[in-house]
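# Structural features, examined
So the chains spell out like this:
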Amino acid sequence: MPRTRIHNMNISLDGYAAGDHVTFDAPIGGAERLFTWFDGRVIHGVDKVDAPVTLDRALTSMWGQGIGAEVMGRRKFGPQTGDWPDDGWRGWWGDEPPFHTPVFVMSHHPHPTIDFSNGTSFRFVDGSPHEVLRQAQEAAGGLDVRIGGGPSIVRQFLQADLIDFMHLVIVPVTLGRGVSLWEGASGVEDRFTVESVTSPSGLTHQLWNKKDHG
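Residues numbered from 1 in each chain as written. Predicted model: local features only at pLDDT ≥ 70, side-chain atom pairs only at ≥ 80, totals over all residues. Heavy atoms only, no water.

## As for the pattern of salt bridges
Applying the stated criterion across every chain yields a total of 8 salt bridges. Residues Glu70 and Arg146 are paired through a salt bridge, measuring 2.6 Å at the closest nitrogen-oxygen approach. One end of the pair, Glu70, is in strand E3 (residues 67-73); the other, Arg146, is in strand E7 (residues 144-149), and 76 residues separate them in sequence. Residues Glu70 and Arg146 agree in their burial class; the two are buried. The shortest N-O distance in the salt bridge between Arg191 and Asp161 comes to 2.9 Å. (Salt bridge = Lys/Arg side-chain N within 4 Å of Asp/Glu carboxyl O. Helix = DSSP H or I, 4+ residues; strand = E, 2+ residues; numbered from the N terminus. Buried < 20%, exposed > 50% of the residue type's maximum accessible area, 1.4 Å probe, protein only.)

## Considerations on the nonpolar core
The biggest cluster of nonpolar side chains holds 29 residues, and the ones touching the most others in it are Val71, Ile147, Val154, Phe157, Ile163 and Met166. At the level of elements, strand E1 (4-12), E3, strand E4 (102-106), helix H4 (129-140), E7, helix H5 (151-159) and strand E8 (165-171) are the ones that each hand at least two residues to this core. Setting aside chain neighbours within four positions, we find Ile163 in contact with Thr4, Ile6, Ile147, Phe157, Leu158, Phe192 and Lys210. Counting 12 residues, the second largest nonpolar core, distinct from the first, contains Trp63, Trp84, Val103 and Ile114. (Core = buried A, V, L, I, M, F, W, Y, C linked by side-chain atoms within 4.5 Å. Contact = heavy atoms within 4.5 Å.)

## What about the pairing of strand E6 (residues 121-125)?
Within E6, 4 of the 5 residues are buried, leaving the element largely enclosed by the surrounding structure. The pairing of E4 with E6 spans 5 bridges and is classified as parallel. If you follow Val105 over to E6, its bridge partner there is Phe124. Note: strand E5 (residues 114-115) against E6, 2 bridges, orientation antiparallel. Each bridged residue has a counterpart across the sheet, and for Asp115 the counterpart in E6 is Ser121. Joining the antiparallel neighbours E5 and E6 is a turn of 5 residues, in which Gly119 adopts a positive phi near 100°. (Pairing = 2+ DSSP bridges.)

Below is the structure:
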C-alpha cells in the first residue's frame, strides 16, 4: 500500500521547526540555523559527484525515493497572506522546482495551477487533511505521498493520524521561539516505533514508523 511520508523535518532541541514570521527576505522566518548544516542539492537529488557518502547524506537523500506527489502548506510556497496577489510569484525555487511531481498547496484562497516543464505542478486546494491527501494519492499514481511541511501542516496530518513514516532531524540548536512541531500533539509517539541515530555531525535522525494495528 502507498504510504504518507515526511522527510528531513528539521527541528530544534526546544521543538521548533520554523520561524514565526515568513517574508520574501526571510523564507524560513528566523529559523535559518536549522538549515545551515545540509547541502540542499542532496535532498533534491542533485548530488555532488565526488562527495563522500555520509550518514547524513544517505538519510536525507531518501526525500525523493518513491514519491508521486507532495502536500505543502501555503507558507512553504510563499509569504503572501489573504487573497493571492497578481504578482507573478511561482514559489521559492525558480524555473526548475525540485519536486518533479504534482504539489498540492493547502490554501483557503483560490489560485490557478502553476505548471513547470520538469513535471512539477503547483495545485492550490482547500480542504481537510483527509480530502487533500485523497487528491494527492490519486495524482501520485500508486506511489507514496510526501507531506512537505511546514510544521503546522505536518501537525495537522499527525493529529488526523494520516502519517505512516516520519524522518525528523534534531539539530543541536535552541531557537526560543517559532512554530512548534509538537503543540497539541501530546501522545502522538504512542502510534509509532521510533529509532534514533546520531551522526558525527551532531545531528540526531529519528525514524518514526507507524505501528501495525491490524
